[in-house]
Amino acid sequence: MDEPVPDSTPPPSTRLRRSPFVPCLLAWCVPGLGHLSMGRSARAAAFFLVVTATFGLGLASGGTASVVDPQQPLSYLATFDNLALGPLDLVSRSVSLGGLVYRLPEEESSPERQAVMNRMRDRVRMPTYEYGSTFLLTAGLMNILLILDAFDIARGRKD
Amino acid sequence: MIPSHVLNMVAFAVLVAIFFAFLTQSRPKDRARVVVVLGGAMIVLSLIVAYVMYPFPLAR
């Protein structure tokens, strides 16, 4: 007697299941897009508005994107935090540093370093510079939490 | 740009409170409660810390 051949085709729910890293990547590209891709539209809209408002206030208040300075170890963390904003980080670097600068040139007399330092000094002179930089860092931290939240939802750990 | 320090602090507290309300709660009523409690606590505690620091002299 022949045994029934097991069906190797996965059920539809399994076939349509995406990698949990896709919502994470979407969340990194645009705040809230990861949640929108999983059907959480109200949350996605709120996250998008809050993160972009925090980012916009930071930039308007004189906040400056962090650059890696080997003499200051915490600058690595701050730069990583800014990078968590995805494409928004490109905007903040262009506005606050005049270009896509990620690392402070080590040579003190190099014109590139002087140009970056001059841009940063101009920003520091603004009375709300500290607030602005805090807003920018907070927006980055918020997006890191959104990426982790999107990962948890995609894995089924959270509703 | 918001020129007032207090308004900057209030804007920061409100934005962070809304963010955590949507991140941690599902029902609108619970979200509103988190915004009020968390945002209010941040504002009130900041003002208390500011007044506690007031007698200390600035470094010269």
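Everything that follows concerns the structure shown earlier in this document.
Residues numbered from 1 in each chain as written. Chains lettered and ligands numbered in written order. Predicted model: local features only at pLDDT ≥ 70, side-chain atom pairs only at ≥ 80, totals over all residues. Heavy atoms only, no water.

Student: Can you walk me through the packing of helix α4 (residues 41–60) of chain A against helix α6 (residues 87–97) of chain A in this structure?
Tutor: A packed helix pair is summarised by two numbers, namely the angle formed by the two axes and the spacing between the axes. All names here are of chain A. Axis separation between α4 and α6 bottoms out at 11 Å; the angle between their running directions is 10 degrees. By the angle between their axes, α4 is roughly parallel relative to α6. Facing α4, whose interface residues are Thr52, Phe55 and Leu59, α6 presents Leu88, Val91, Ser92 and Val95. In the contact of α4 with α6, the residues fall into five nonpolar, two polar and no charged. (Axes fitted to C-alpha atoms, helices over the stretch in contact; angles between N-to-C directions. Helix = DSSP H or I, 4+ residues; strand = E, 2+ residues; numbered from the N terminus. Parallel < 35°, antiparallel > 145°, perpendicular 65-115°, else oblique. Contact = heavy atoms within 4.5 Å. Nonpolar A, V, L, I, M, F, W, Y, C, P; charged D, E, K, R; others polar.)

Student: It is not clear to me how helix α7 (residues 111–124) of chain A should be interpreted in this structure. Could you clarify?
Tutor: Since the α-helix advances by 3.6 residues per turn, residues separated by three or four positions end up pointing in the same direction. All names here are of chain A. If you check α7, its first and last C-alpha atoms are 20 Å apart, about what 14 residues at 1.5 Å a residue would give, namely 20 Å. Where α7 is concerned, the buried positions are Arg113, Val116 and Arg123. Down the axis, α7 shows its buried residues gathered within 90 degrees of arc, on one side only. For α7, the elements touching its buried residues are α4, α6 and α8 (129–155). (Expected span 1.5 Å × (residues − 1). Buried < 20%, exposed > 50% of the residue type's maximum accessible area, 1.4 Å probe, protein only. Arc of directions from axis to C-beta.)

Student: For this particular structure, what's the right way to read the packing of helix α5 (residues 74–83) of chain A against α8 of chain A?
Tutor: Residues and elements named next belong to chain A. α8 packs onto α5 with a crossing angle of 65 degrees between their chain directions and a minimal axis gap of 7 Å. The orientation of α5 relative to α8 falls into the category roughly perpendicular. The element α5 and its partner α8 pack so that their crossing is left-handed. Here Ala78, Phe80, Asp81 and Asn82 of α5 lie close against α8, whose contacting residues are Leu136, Leu137, Gly140, Leu141 and Ile144. When its residues are assigned to classes, the contact of α5 with α8 shows six nonpolar, two polar and one charged. (Left-handed = near helix turned anticlockwise from the far one by under 90°.)

Student: Can you walk me through the nonpolar core in this structure?
Tutor: Within the largest apolar cluster, 20 residues are counted, with the highest numbers of intra-cluster contacts made by Phe47, Val51, Phe55, Leu85, Met142 and Leu146 of chain A together with Phe19 of chain B. Of all the secondary-structure elements, those providing two or more residues to this core are α4 and α8 of chain A together with α1 (5–24) of chain B. Beyond its immediate stretch of four places on either side in the chain, Phe47 of chain A contacts Pro31, Gly32, His35 and Leu146 of chain A together with Phe19, Phe22 and Leu23 of chain B. Within the second largest apolar cluster, seven residues are counted, among which are Cys24, Ala27, Ala150 and Ile153 of chain A. (Core = buried A, V, L, I, M, F, W, Y, C linked by side-chain atoms within 4.5 Å.)

Student: What is the right way to read the packing of aromatic side chains from this model?
Tutor: Between two aromatic rings, the relevant description is the distance of the centres plus the angle of the planes. Taken as a whole, this structure holds four aromatic pairs over all chains when the rule is applied. Geometrically, the ring pair formed by Phe135 of chain A and Phe12 of chain B is edge-to-face, given 5.5 Å between the ring centres and 80 degrees between the ring planes. You can see Phe135 of chain A sitting in helix α8 and its partner Phe12 of chain B sitting in helix α1, one on each of two chains. Residue classification places Phe135 of chain A among the buried positions, given a relative accessible area of 1%. A relative accessible area of 22% places Phe12 of chain B in the partly exposed class. Aromatic side chains Phe19 of chain B and Phe20 of chain B sit 5.4 Å apart centroid to centroid with 85 degrees between the ring planes, which places their arrangement in the edge-to-face category. By relative accessible area, which is 1% here, Phe19 of chain B ends up buried. (Phe/Tyr/Trp six-rings, centres within 6.5 Å; stacked < 30°, edge-to-face > 60°.)

Student: Sorry, what's going on with the interface of chain A and chain B here?
Tutor: When the parts of a complex come together, some accessible area is lost, and that lost area is often used as the size of the interface. In this assembly, 22 residues from chain A lie in contact with 18 residues from chain B. Between chain A and chain B, the buried area comes to about 1700 Å², and carbon and sulfur atoms account for 75% of it. When the area that chain A buries against chain B is broken down by residue, the three leading residues are Arg43, Tyr131 and Phe135 of chain A, summing to 29%. Applying the counting rule to chain A against chain B returns zero salt bridges. Among the residues forming the side of chain A that touches chain B, the class breakdown is 14 nonpolar, five polar and three charged. (Buried area = accessible area lost by both parts, 1.4 Å probe. Salt bridge = Lys/Arg side-chain N within 4 Å of Asp/Glu carboxyl O.)

Student: Explanation requested: a nonpolar patch on the surface in the structure shown.
Tutor: Among the surface-exposed residues, Val44, Leu45, Ile48, Val49, Val52, Met53 and Phe56 of chain B lie close enough to one another that they form a single nonpolar patch of about 710 Å² accessible area. Relative accessible area serves as the criterion here: at 46%, Val49 of chain B is assigned to the partly exposed category. (Patch = residues over 30% accessible without salt bridge, like charges linked within 9 Å, V, L, I, M, F, W, Y side chains within 5 Å. Areas by Shrake-Rupley, 256 points an atom, 1.4 Å probe, with all protein chains shown as cover.)

Student: What should I look at first to understand the pattern of salt bridges in this one?
Tutor: Oppositely charged side chains may form a pair once their charged atoms are brought near each other. All names here are of chain A. Applying the stated criterion across every chain, the model contains seven salt bridges over all chains. For Arg103, the salt bridge goes to Glu106, with nearest N and O atoms at 3.2 Å. Arg113 is paired through a salt bridge with Glu108; the nearest N and O atoms lie 3.7 Å apart.

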